[in-house]
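# Notes for the structure review
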Amino acid sequence: MLADQDLFIQFYRAFIRSSQYCIVISFRKYEGAGNDFILIDDRKNTFPMDDHSMVERMCDRHFGIGADGLMLLQLVHGYDFRMVYFNSDGKPASMCGNGGRCITLFAKDLGLINHKANFLAVDGAHQAVIISDNEVSLQMGDVDGVEFLDEQTVYLHTGSPHVIKRVEAFDQVDVVVDGRKIRNSERFKKEGVNVNFVVFKNGVMQIRTYERGVENETLACGTGITAAAIASDYWGIAKGEVNMKAVGGNLTVRFEKKNGHYKNIWKTGPATFVFEGSY
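None of these values were measured; they are calculated from a predicted model.

Another aspect to go through is unusual backbone geometry. When glycine is set aside, most residues are seen to have a negative phi, and most peptide bonds are trans. A positive phi is found at asparagine 45, a non-glycine position, where the angle reads about 55°. Along the chain, the position of asparagine 45 falls in the loop between β2 (35–41) and α2 (52–59). Take asparagine 45: its relative accessible area is 53%, and that puts it in the exposed class. Despite not being glycine, asparagine 202 has its phi angle at roughly 55°, a positive value.

Dropping the structure here:
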């Protein structure tokens, strides 16, 4: 008995000396057009938001849950909830459009909303409407204009910064190599930028995206899809409503334009619950 007590005391002292701690986190996994996310109910504000390395480990596809990003659902006065988003590198990130649809479905699954949501994100307030069990329409922020970079390339901000480059076919580009080159160029290296390559064919804009923070190609990017739809209006190849085809699924973007200002922007696309567990 004494030996067991000594062993316990040694273990306890070793635990106290350790700087590590153990917590159990319940989560749900959702995806929107292949853009996948870890969703956490943080209404009690217990998640260690400053532990960026833990977020990165959770998003790791080999040693963690695996995701393009992690989102916290928190309470905030005047809104149904607050969306706090981290990229898979563990760092706080700008607005994520596909994530906005997924967290709206998550809020419904938690019983916080019925079919409509008014929530706060890092770029301001957003509204969302759940159309069906796996389709959500999300209102994006207004866009003040498009910056011309060259004949086939523009830059704009849709809650996150995006370069949109028009190409004739995707075999003309290496999304990762060429996207990384633009993302790390002199102008964008410090803050980073998402790089989207688009092909307009048969009335549909096809898109492939290199995402900063993930530092790789993702199957879809909601703010990138929104940016590409607005770029298509800038180029005069689509007006008011654009059908988009990402690698991970199809979406539609509607908007109004007045004096170079884009408003009432709504992006509609899939949002699907995948599984739940604890970490």
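Once that is clear, we can look at the pairing of strand β15 (residues 249–258). Across six bridges, the pairing between strand β14 (residues 241–246) and β15 is antiparallel. Paired with glutamate 241 across the two strands is arginine 254, which belongs to β15. In this antiparallel pair of consecutive strands, β14 and β15, the connection spans two residues. Taken together, β15 and the strand that follows it, strand β16 (residues 261–270), pair antiparallel across an intervening segment of two residues, in which asparagine 259 is found at a positive phi of about 55°.

With that out of the way, let us pick up the layout of surface pockets. To locate leftover empty space, one rolls a probe as large as a water molecule over the atoms. Each pocket or cavity is described by its volume, and for the largest pocket that value is around 340 Å³. As for the largest pocket, its lining consists of 17 residues, and the residues nearest its centre are Cys59, Arg61, Ala67, Ser88 and Val214. Broken down by secondary-structure element, the contributors of at least two residues to the lining of the largest pocket are α2 and β13 (216–218). With three residues, the top contributor of residues to the lining of the largest pocket is β13. The residue makeup of the lining of the largest pocket, split by class, is four nonpolar, six polar and seven charged.

Tallying each qualifying case throughout the model produces seven aromatic pairs. Pairing phenylalanine 27 with phenylalanine 275 gives two aromatic rings, centres 6.0 Å apart and planes at 85°, and the pair type is edge-to-face. Taken together, the residues span a long stretch of sequence, with phenylalanine 27 in strand β1 (residues 26–32) and phenylalanine 275 in strand β17 (residues 272–278) at a distance of 248 residues. For phenylalanine 275, a relative accessible area of 33% translates into the label partly exposed. Here the basic side chain of arginine 208 rests over the ring of phenylalanine 170, its NZ or CZ set 5.6 Å away from the ring centre.

What counts, and where the lines are drawn
Residues numbered from 1 in each chain as written. Predicted model: local features only at pLDDT ≥ 70, side-chain atom pairs only at ≥ 80, totals over all residues. Heavy atoms only, no water. Helix = DSSP H or I, 4+ residues; strand = E, 2+ residues; numbered from the N terminus. Buried < 20%, exposed > 50% of the residue type's maximum accessible area, 1.4 Å probe, protein only. Pairing = 2+ DSSP bridges. 1 Å grid on protein atoms, 1.4 Å probe; cavity = no way out; pocket = protein on both sides within 12 Å on 5 of 7 lines; lining within 4 Å. Points joined across faces, edges and corners; volume = space filled by probe spheres on them. Nonpolar A, V, L, I, M, F, W, Y, C, P; charged D, E, K, R; others polar. Phe/Tyr/Trp six-rings, centres within 6.5 Å; stacked < 30°, edge-to-face > 60°. Lys NZ or Arg CZ within 6 Å of the ring centre and 35° of its normal.

This is a description of form; function is not addressed.
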